[in-house]
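Spelled out from the first residue to the last, the chains are:
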Amino acid sequence: QVQLVESGGGSVQAGGSLRLSCEASGSLSSRHAMGWYRQVPGREREWVTAISSSGITHYADSVKGRFTISRDNAKNTLQLQMNDLKPEDTAKYYCAADPFGRVSERYELVAYWGQGTRVTVSS
């Protein structure tokens, strides 16, 4: 079993930055794919970004060029640097991990989730 705990959420003005962290424990392997999702009440969970076991990254078009995902396998941590934040980025952000690389738009396939951390961007 893998446990994921997010931190770093908060409130920021549009154009500002936040850095989210995800600490993993349990049986997380460096071979797990990891990523971030976000969700607004009443809307479907949205895939934001993913990073493979080899460090290859992917981003949703909505955040490309503004967000950067990284991982430190030695420390079992995942980071999300969010720059030039927009009001539409407001959501609860979830850390995710999957042993089969299933961190994609198909959120229902993801094996492990964190509890989420709230991000609010005001204009």
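This structure is a prediction, so every number in the text was calculated from the model and none was measured.

Turning to the side chain of Thr-49, a few remarks are in order. Inspection of the secondary structure puts Thr-49 in strand 5 (residues 46-51). Only 2.8 Å separates the side chain of Thr-49 from the backbone oxygen of His-58, close enough to count as a polar contact.

Okay, the packing of aromatic side chains next. Counted according to the given criterion, the structure contains two aromatic pairs. Between Tyr-94 and Trp-113, the ring centres sit 6.4 Å apart and the planes meet at 90°, which makes this aromatic pair edge-to-face. Taken together, the residues span a long stretch of sequence, with Tyr-94 in strand 9 (residues 91-98) and Trp-113 in strand 10 (residues 112-113) at a distance of 19 residues. Taking the relative accessible area as the measure of exposure, Trp-113 reaches 25% and is therefore partly exposed. Ring-pair connections join several aromatic residues into one group, and the members of that group are Tyr-37, Tyr-94 and Trp-113. If you follow Arg-45 out to its NZ or CZ, it ends over the ring of Tyr-94, 4.0 Å from the centre. A cation over a ring is seen here: Arg-45 above Trp-113, with NZ or CZ 4.5 Å from the ring centre.

Once that is clear, we can look at the pairing of strand 9. Among the eight residues of strand 9, seven are classified as buried, and the element is accordingly described as predominantly covered. Relative to strand 11 (residues 117-122), strand 9 is paired through three bridges, and the arrangement is antiparallel. Of the residues in strand 11, the one forming a bridge with Lys-92 is Arg-118.

As enumerated under the stated definition, the model contains one disulfide in all. In this model Cys-22 forms its disulfide with Cys-95; the gap between the sulfur atoms is 2.1 Å. In this structure, the disulfide formed by Cys-22 and Cys-95 twists by about -75° around the S-S bond and is classed as left-handed. With Cys-22 in strand 3 (residues 18-26) and Cys-95 in strand 9, this residue pair connects regions lying 73 residues apart in the sequence. By the burial criterion, Cys-22 is buried, and Cys-95 matches it.

Definitions and limits used
- Residues numbered from 1 in each chain as written.
- Predicted model: local features only at pLDDT ≥ 70, side-chain atom pairs only at ≥ 80, totals over all residues.
- Heavy atoms only, no water.
- Helix = DSSP H or I, 4+ residues; strand = E, 2+ residues; numbered from the N terminus.
- Polar contact = N/O pair within 3.5 Å; in protein donor to acceptor, adjacent residues only side chain to side chain.
- Phe/Tyr/Trp six-rings, centres within 6.5 Å; stacked < 30°, edge-to-face > 60°.
- Buried < 20%, exposed > 50% of the residue type's maximum accessible area, 1.4 Å probe, protein only.
- Lys NZ or Arg CZ within 6 Å of the ring centre and 35° of its normal.
- Pairing = 2+ DSSP bridges.
- Disulfide = S-S within 2.5 Å.

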